[in-house]
Amino acid sequence: MLYFMDALAHHQYHSDVNAAEFSKNPDKLASVVRRYDMDTYRGLQGVEGIAKAISVSIDEGVKSSDLSIRQETYGVNKYTEKPSKSFLMFIWDALHDLTLVILIVCAFVSIGVGLATEGWPDGIYDGLGILLSILLVVTVTAVSDYKQSLQFKDLDKEKKKISCHVTRDKCRKKVSIYDLVVGDIVHLSIGDQVPADGIFISGYSLLVDESSLTGESDHIEIDESKPFLLAGTKVQDGSAKMLVTAVGMKTEWGRLMEMLSEEGEDETPLQVKLNGVATIIGKIGLLFAVLTFLVLSVRFVVEKAMRNELSSWSSSDALSMLDYFATAVTIIVVAVPEGLPLAVTLSLAFAMKKLMNDKALVRRLSACETMGSSTCICTDKTGTLTTNHMVVVKIWVSGETKDVRDSEGRVLSSKVSESVLTVLLQGIFECTGSEVVKDENGKTSILGTPTESAILQYGLDIGGDFDAIRNEIKTLHMEPFNSAKKKMSVIVALPNGQIRAFCKGASEIVLGLCYNIIDGSGETVYLSEQKRKMIADVIEEFAKDALRTLCLAYIDVQGGFDARNRPERGYTLIAVVGIKDPLRPGVKEAVETCLAAGITVRMVTGDNINTAKAIAKECGILTEGGLAIEGSDFRTKTTDELNEIAPRIQVMARSSPTDKHDLVKHLRGMSEVVAVTGDGTNDAPALHESDIGFAMGIAGTEVAKEQADVIVMDDDFATIVKVAKWGRAVYINIQKFVQFQLTVNIVALMINFVSACITGSAPLTAVQLLWVNLIMDTLGALALATEPPNDGLMQRPPVKRTDSFITKTMWRNILGQSIYQMAVLFVLNFAGKPILNLEGENATAILNTFIFNTFVFCQVFNEINSRDIDKINIFHGMFSSWIFMGVMISTVVFQVIIVEFLGTFASTVPLDWQLWLLSIVIGLVGMPIAAVLKCIPVEKTVVQEQHDGYEILPDGPDRI
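Residues numbered from 1 in each chain as written. Predicted model: local features only at pLDDT ≥ 70, side-chain atom pairs only at ≥ 80, totals over all residues. Heavy atoms only, no water.

The final tally for this structure, using the stated rule, is zero disulfides. No disulfide involves Cys514; its nearest neighbouring cysteine sulfur is the one of Cys551, lying 6.8 Å away. (Disulfide = S-S within 2.5 Å.)

Structure, rendered in structure tokens:
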């Protein structure tokens, strides 16, 4: 893969490169960047020459009218996707189940023997019944898997919705990366993913992570001497403009994608755990199957010996042995709970789809599941708890605090001297990474972060002209803002030749760099300790009003510009800005929901501690006994001290990305399941360290999104709480399904095994067991695993990592129901004829059909019982769950069809209405029995005191 890194050694410098060769040859143009071809780059006179060769102006960008022509000539910025699996492939995969293959063989042997003994058509019914049952099981499984694959494909499309900033038609615009064309001028900033191959035009301190292509972890500095940028790499620091030279499959990333095969989803922890459970149950089922076959076969041989027929074997004897074998294999099919992993996937996929409607894009399946067990959320403030619609409401300038807006939000006139206004506007419009742009209709808009946009809007409101100031002042060097330094700076040349540096950032940090201030008359005066304290008080006053504070300062540099000797101290303070960022609606309620659910919410922010505390109190995060700490204090604590204070930390202000990472790591070390929100590139380590990472969809960088498990599309904290709620629903739904399935397993295995041992025949045939398998596996998973969450889920403590998946409460319900069902079915099996007054040659067939019918209705009503593991009211929300109702009605309808109309295939006979009614009543009795069982206490009631003063609700039957 690194062949293009060494390309310089294999090329000679050509000064007579023909630019015309590149204008219509996309492959040749793409190879310049892909092969790091500096010779051709210089031969074309650098980026200006390449821009000229592809007919684009670096200042004006591509013309919108040329887009379609450029796409035809150079290609579109999309990668060739592997064709998705067809429905027939899913059917083929489902047929690969070993037990089903054995049953298919049995079915064909049964048809062969049946035709030889009973002739056409009577001889084919048994075998054909098994084949039709297998076809039904395979079709339902394939449909389920196919629908999931389509759903994941839709989710994948959502993941790839990325936009970038370009210059087109002389305007800066936001476009989808898929709409990029060769010749586009792309603006890159920290956290962006490079959307196509291109060449550096201009920029500052650009560092790129190429590890996704080269595997090298060192960041590459990009400038005029190393100008090549590759698609798929990520901007770690700085900002730049680049000229797109290759898109889609012509890029190095595109070529690499073509070579890679499509990767499937890894199994989630719950799937792994349940696979283990399934394996154990499968082994038990195998043991019972072998024993059943041996008992039936031995009885058959002994009975033949007693009749002195051991020496003569007919084809009907072979058919009987084959039936025994088919029954044994079917017991394995029923016993192996392949529905367990299916239920997890179904439940997670259903949750993912619903969460997508709730503005949460789940990137990894295990995220929902993990979020259900989360014990704490470390959240950002800006944009997550607040609206991220920022506006400047107060400013300290020229020695006094001024309100910027009146009570109705109108801008008040600025009463500052001309000289102060000039330097203030220079600082606002030059020391920024954002831009003021005009669209085709002349309407002004601001492209950039909300904080930058608020300050630029203030500059425009007080009469500033962005373009005029930018045109007359030349930018020499820029250090973009990052969360480690908490400031940004820019060095410019004023029209009179004076070199001036501006600095903007966290108020106390920038104030610490200042030696002077501008007074009321516009004069520069020394910043005495008394004045410094007065300004610190102003900053604190702003912060206590929940305002975000920033300082703006400048310094005139003597002796010319030198990028290596940038001024670090001696600045003159221009202004302190107070920015209002209102709380999001519903945040306070969402925080209360978290606390009630035993989830601690911690605010981790780069803001001033007073601002952080004011917002935290407003939304209910900072409680009595809770601790607010600054990152600088947190760093100095020993491990023992952290063990003591970490559970009490509710606010961490002025935190660096390292502080956030260390807090998450420490909390996880204390057995907390930690969820983390992040939007910046520097949040990536904490997102990676956490159990579940949330990236912001609007404010989040591509680097943060890449590390996250869930992307919060609306940047709202309430959406994170919805993910926790659905996560809990997934866990509970799987528990319901496991409880239901284990009951069916125990009863089906015991009834067939015991009956085989005592009577020499199994009451449930292979076809009937396959139908039961379909009810309890695929249909059961569909009904119970897709139940929506209820509000009660967020009024119980989170499930600990160490908790057993099958709880004592579940075992109580499983054993209670199993005992009832087995008692009824055993009585019917051994004494059913006299009890039901069944006589005649058809009596055995009627009894076996009745046992089968009763068994199925016991499962139908037990499925309803399983809707709630420990509450008596199982009907809450049942009639509004159309999937559950659909499965219930379909099961009953199919049961009627099987018993009344498919007797030839299913070995059943039609029943009269009294036996139908009795089957339903016996099944229905399971419901009051379940209610009684739920009153038997099994779990210990423990009331724990949390560090936030919240008492965890009791678990188990005490909640009834």
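Once you've had a look at it, read on.
What follows is about the sheet that holds strand 21 (residues 600-604). Consider a sheet: its strands pair through backbone hydrogen bonds, and that pairing is either parallel or antiparallel. The eight strands lie next to each other as 8-26-25-24-9-21-23-22, forming an open sheet whose pairing is mixed. Taken across any chain shown, the strands that pair with only one partner, and hence form the sheet edges, are strand 8 (360-362) and strand 22 (627-630). Averaged over all pairs of adjacent strands, the angle between strand axes in this sheet comes to 20 degrees, irrespective of strand direction. Here strand 9 (residues 376-379) pairs with strand 21 via four bridges, running parallel. Among the inter-strand pairings, Cys378 is bridged to a residue of strand 21, identified as Arg602. Against the sheet, helix 24 (residues 657-669) makes contact with strand 9, strand 21, strand 23 (649-653) and strand 24 (674-678), and its axis sits at roughly 165 degrees relative to strand 24, the strand it touches most. (Pairing = 2+ DSSP bridges. Helix = DSSP H or I, 4+ residues; strand = E, 2+ residues; numbered from the N terminus. Axes fitted to C-alpha atoms, helices over the stretch in contact; angles between N-to-C directions. Contact = heavy atoms within 4.5 Å.)

Our next topic: helix 29 (residues 808-836). Note on helix geometry: an α-helix contains 3.6 residues per turn, so any two residues three or four positions apart are oriented the same way. Maximal helix bending in helix 29 amounts to about 75 degrees, located at Phe830; proline Pro834 follows within four positions. One or two steps after helix 29, the chain reaches Asn837, where phi turns positive at roughly 60 degrees. (Bend = angle between axes of the 7 residues up to and from the residue.)

Turning next to the packing of helix 19 (residues 529-544) against helix 21 (residues 609-618). Between helix 19 and helix 21, the shortest axis-to-axis distance is 7 Å and the interhelical angle comes to 15 degrees. Considering their axes alone, helix 19 and helix 21 lie roughly parallel with respect to each other. Considering how the two elements wind past one another, helix 19 and helix 21 form a crossing that is right-handed. For the pair helix 19 and helix 21, contact is made by Glu540, Ala543 and Lys544 and by Asn610, Thr611 and Ala614, respectively. Of the residues in the contact of helix 19 with helix 21, the class split is two nonpolar, two polar and two charged. (Parallel < 35°, antiparallel > 145°, perpendicular 65-115°, else oblique. Left-handed = near helix turned anticlockwise from the far one by under 90°. Nonpolar A, V, L, I, M, F, W, Y, C, P; charged D, E, K, R; others polar.)

On to the packing of helix 30 (residues 843-865) against helix 33 (residues 913-933), then. Here helix 30 crosses helix 33 at 35 degrees, and the two axes come no closer than 8 Å. You can see that helix 30 and helix 33 cross each other, and the crossing is right-handed. Residue-level contacts link Ile846, Phe850, Asn853, Thr854, Phe857, Cys858, Phe861, Ile864 and Asn865 of helix 30 to Leu915, Trp916, Leu918, Ser919, Ile920, Ile922, Gly923, Leu924, Gly926, Met927 and Ala930 of helix 33. Among the residues forming the contact of helix 30 with helix 33, the class breakdown is 14 nonpolar, six polar and no charged.

This paragraph deals with the confidence of the model for the protein. On average, residues of the protein score 81 in pLDDT, and 86% of them reach the 70 mark or higher. In the predicted structure, residues 1-15 sits below a pLDDT of 50 and forms 27 contacts with residues beyond four places in sequence or in another chain. (pLDDT = per-residue confidence, 0-100.)

Ranked by size, the top nonpolar core spans 125 residues in total, and within it Met371, Phe694 and Phe717 carry the most contacts. Here this core gets 23 residues from one element, more than from any other, and that element is helix 27 (residues 717-759). Discounting chain neighbours no more than four positions away, the residues touching Phe694 are Met371, Ala675, Val676, Thr677, Gly678, Leu687, Ala708, Val710, Val712, Ile720 and Val723. Among the nonpolar cores identified, the runner-up in size contains 44 residues, and Tyr41, Val182, Leu188 and Val194 belong to it. (Core = buried A, V, L, I, M, F, W, Y, C linked by side-chain atoms within 4.5 Å. Buried < 20%, exposed > 50% of the residue type's maximum accessible area, 1.4 Å probe, protein only.)

Positionally, Gly198 belongs in strand 4 (residues 197-209). Gly198 sits 29 residues away from Pro227 along the chain, and the two C-alpha atoms are 8.4 Å apart. Apart from residues lying up to four places away in sequence, Gly198 is in contact with Val33, Pro227, Phe228, Leu229, Met242, Leu243, Val244 and Thr245.

Bringing the packing of aromatic side chains into the picture now. Under the defined criterion, the tally for this structure stands at six aromatic pairs. Here the aromatic rings of Phe429 and Phe466 are separated by 5.5 Å at their centres, their planes lie at 85 degrees, and the arrangement is edge-to-face. With a gap of 37 residues between them, Phe429 in helix 15 (residues 418-430) and Phe466 in helix 17 (residues 466-472) connect regions that are remote in the sequence. Like Phe429, the residue Phe466 is buried in the burial classification. Considering the side-chain rings of Phe826 and Phe830, the 6.1 Å spacing of their centres and the 15 degrees angle between planes classify their relative orientation as stacked. Placement of the pair is Phe826 and Phe830 together in helix 29, with a separation of four residues, close to one helical turn. Overall, the relative accessible area of 40% leaves Phe830 in the partly exposed class. The aromatic ring of Phe884 is capped on one face by Arg867, whose charged end is 5.4 Å from the ring centroid. (Phe/Tyr/Trp six-rings, centres within 6.5 Å; stacked < 30°, edge-to-face > 60°. Lys NZ or Arg CZ within 6 Å of the ring centre and 35° of its normal.)

Structurally, Ser297 can be placed in helix 11 (residues 269-306). Engagement of the side chain of Ser297 in a polar contact is seen with the backbone oxygen of Phe293, the distance being 2.7 Å. (Polar contact = N/O pair within 3.5 Å; in protein donor to acceptor, adjacent residues only side chain to side chain.)

On to a nonpolar patch on the surface. Side chains of Ile889, Val893, Phe894, Val896, Ile897, Phe901 and Leu902 sit close together on the surface and give an oily, nonpolar patch of about 610 Å² of accessible area. With respect to the helices, strands and loops of the structure, Val893 is situated in helix 31 (residues 882-901). (Patch = residues over 30% accessible without salt bridge, like charges linked within 9 Å, V, L, I, M, F, W, Y side chains within 5 Å. Areas by Shrake-Rupley, 256 points an atom, 1.4 Å probe, with all protein chains shown as cover. Salt bridge = Lys/Arg side-chain N within 4 Å of Asp/Glu carboxyl O.)

For Thr384, the location among the structural elements is in the loop between strand 9 and strand 10 (391-397). A relative accessible area of 0% places Thr384 in the buried class. Aside from chain neighbours lying at most four places away, what touches Thr384 is Thr379, Arg584, Val587, Thr677, Met696, Asp715, Asp716, Phe717 and Ile720.

Right, let's talk about helix 2 (residues 26-34) for a bit. A large share of helix 2 lies buried, amounting to seven of its nine residues. Three or more residues of helix 2 are buried, namely Pro26, Leu29, Ala30, Ser31, Val32, Val33 and Arg34. Where helix 2 ends, the next residue or the one after it, Tyr36, has phi of about 50 degrees, a positive value.

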